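# Reading the structure
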Amino acid sequence: MDLEAVRTFAAAAEAGQFQKAAADLSITQQAVSKRIAALERDLGVRLFTRTPRGAELTIDGQAFLPHARELLRAAERAVASVRTGRRPLRVDIIASRGAGSGLMRDFHRAHPEVELDVVMLFDVGAAVTAIRSGTIDASFRAVAAPGRSFPEDVESVRVLDEPLQLLTGPAHVLAGARSVTVAQLVGHRIWMPGIAPGTEWAAYYDDLVAEFGLTIEATGPNFGSDALLDTVADTPALATFMSERTRLVWPAGHGLRRIPVTDPTLVYPHSLLWHRDNPHPALATLRAYLAAAAPAHDAAGTWRPDWVLPR
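Attention in this report is confined to the structure presented alongside it. (Residues numbered from 1 in each chain as written. Predicted model: local features only at pLDDT ≥ 70, side-chain atom pairs only at ≥ 80, totals over all residues. Heavy atoms only, no water.)

Attention now moves to the nonpolar core. The biggest cluster of nonpolar side chains holds 28 residues, and the ones touching the most others in it are Leu 166, Tyr 204, Tyr 205, Leu 208, Ile 216, Phe 241 and Leu 266. Of all the elements in the fold, those that place two or more residues in this core are β6 (154–168), α7 (182–185), α8 (200–212), β10 (238–243), β11 (257–262) and β12 (265–275). Among the elements that make up this core, the one with the highest residue count is α8 (six residues). Listed in part, the 19 residues of the second largest apolar core include Ala 5, Ala 22, Leu 47 and Leu 65. (Core = buried A, V, L, I, M, F, W, Y, C linked by side-chain atoms within 4.5 Å. Buried < 20%, exposed > 50% of the residue type's maximum accessible area, 1.4 Å probe, protein only. Helix = DSSP H or I, 4+ residues; strand = E, 2+ residues; numbered from the N terminus.)

So this is what it looks like as structure tokens:
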């Protein structure tokens, strides 16, 4: 199917006249007629009926119009996908309130000239697929996960080891502590309904349970962070883990406590993933920014799973 004929059809449908469509497209009226006639032959239907006032869509023309517009939008997206200097840098983060989002906000403040498009994909598998297809340019993820290896064309680098904190309500037995050791958490119920089987964060918490004998529950539906905060605030027997950089706001009456975890400090590793052949100029800028801002990894007294790549 000739894309220019489809574009001409859409222009004529919007204008309601071949003559006006010709002017909008900077071609002759004869060229408009020829393109639409060729398209009608390809489709085997009439798309327009000539009237004294111009051209009206037939029933078949009305049915074809939304698909024609989608074809044109798809063509625009295809062209934009290879014009890397003319489109935003597309970066995937896990959550809008997490560390990846914070890193991208900091990057945007440091480089306001870089146009960004931030998306949220579900897990590392979806992120790797999107990186390889060119749908996104980079992703913040925990790298890697047990039993999973990345394709050779996907690169990664550690950018942040983020400490976990214990979040409790005011009536929790540990609420008054200035810090808690991992050993002190044994026997306490830590509720994390957002853990999804098969994800990199599920693998992280599985290893955490296996290593230290903690009780982490993922039961019940995940109604989001607000519902989680409400439940923890009202339930003395429950606590949850929150990453140090997770931005949260709750009502003053909740009285929630964020308590550092020590001996060892539990850190969640964040890495940047990208395709080794991605030519987007802003990707190099982002990588350089993160390299300059990244603190040291695997500091003494910290714990992270063995499967996280040490780069």
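Within the structure shown, the criterion is met by ten aromatic pairs. Here Phe 18 and Phe 48 contribute two aromatic rings whose centre-to-centre distance is 5.4 Å and whose plane-to-plane angle is 85°, an arrangement assigned as edge-to-face. With a gap of 30 residues between them, Phe 18 in helix α2 (residues 18–25) and Phe 48 in strand β1 (residues 48–51) connect regions that are remote in the sequence. Each residue in the set Tyr 204, Tyr 205, Phe 212, Phe 241, Tyr 268 and Trp 303 is aromatic and connected to the rest through ring pairs, giving one cluster. (Phe/Tyr/Trp six-rings, centres within 6.5 Å; stacked < 30°, edge-to-face > 60°.)

This part is about the side chain of His 172. When you line up the elements, His 172 lands in the loop between β6 and β7 (180–181). Ignoring sequence-local partners within four residues, the contact set of His 172 consists of His 188, Pro 236, Ala 237, Leu 238 and Ala 239. (Contact = heavy atoms within 4.5 Å.)

The subject of this paragraph is the pairing of strand β5 (residues 138–141). Side chains Ala 138 and Phe 140 of β5 all project onto a buried face; the interleaved residues Ser 139 and Arg 141 project onto the opposite face, where all are buried too. Relative to β5, strand β3 (residues 89–92) runs parallel, the two sharing two bridges. Counted as the bridge partner of Val 91 is Ala 138 from β5. One ladder, built from four bridges, connects β5 with β12; its direction is antiparallel. Bridge pairing in β12 places Ala 138 opposite Trp 274. (Pairing = 2+ DSSP bridges.)

To continue, consider a nonpolar patch on the surface. There is a patch of nonpolar side chains on the surface, built from Met 1, Leu 3 and Leu 71 and spanning about 280 Å² of accessible area. Considering the arrangement of structural elements, one finds Leu 71 in helix α4 (residues 59–82). (Patch = residues over 30% accessible without salt bridge, like charges linked within 9 Å, V, L, I, M, F, W, Y side chains within 5 Å. Areas by Shrake-Rupley, 256 points an atom, 1.4 Å probe, with all protein chains shown as cover. Salt bridge = Lys/Arg side-chain N within 4 Å of Asp/Glu carboxyl O.)

What follows concerns the pattern of salt bridges. Under the counting rule described, the total for this entry stands at 14 salt bridges. Between Arg 35 and Glu 4 there is a salt bridge whose closest N-O contact spans 3.9 Å. With Arg 35 in helix α3 (residues 29–43) and Glu 4 in helix α1 (residues 3–15), the pair connects residues that are 31 residues apart, well separated along the chain. Sharing partners across several salt bridges, the network here consists of Glu 4, Arg 7 and Arg 35.

Here the focus is the packing of α1 against α2. The packing of two helices is summarised by the inter-axis angle and the distance between the axes. With their axes 8 Å apart at the nearest point, α1 and α2 run at an angle of 125° to one another. With respect to α2, the element α1 is oriented oblique. For the element pair α1 and α2, the recorded crossing hand is right-handed. Contact residues: Arg 7, Thr 8, Ala 11, Ala 12 and Ala 15 in α1; Phe 18, Lys 20, Ala 21, Asp 24 and Leu 25 in α2. Its residues assigned to classes, the contact of α1 with α2 comprises six nonpolar, one polar and three charged. (Axes fitted to C-alpha atoms, helices over the stretch in contact; angles between N-to-C directions. Parallel < 35°, antiparallel > 145°, perpendicular 65-115°, else oblique. Left-handed = near helix turned anticlockwise from the far one by under 90°. Nonpolar A, V, L, I, M, F, W, Y, C, P; charged D, E, K, R; others polar.)

Right, let's talk about the pairing of strand β2 (residues 54–57) for a bit. Two elements, β1 and β2, share four bridges in a ladder whose sense is antiparallel. Within β2, the residue paired with Phe 48 across the bridge is Leu 57. Adjacent in sequence and paired antiparallel, β1 and β2 are bridged by two residues.

Don't take any of this as a statement about function, it's just geometry.
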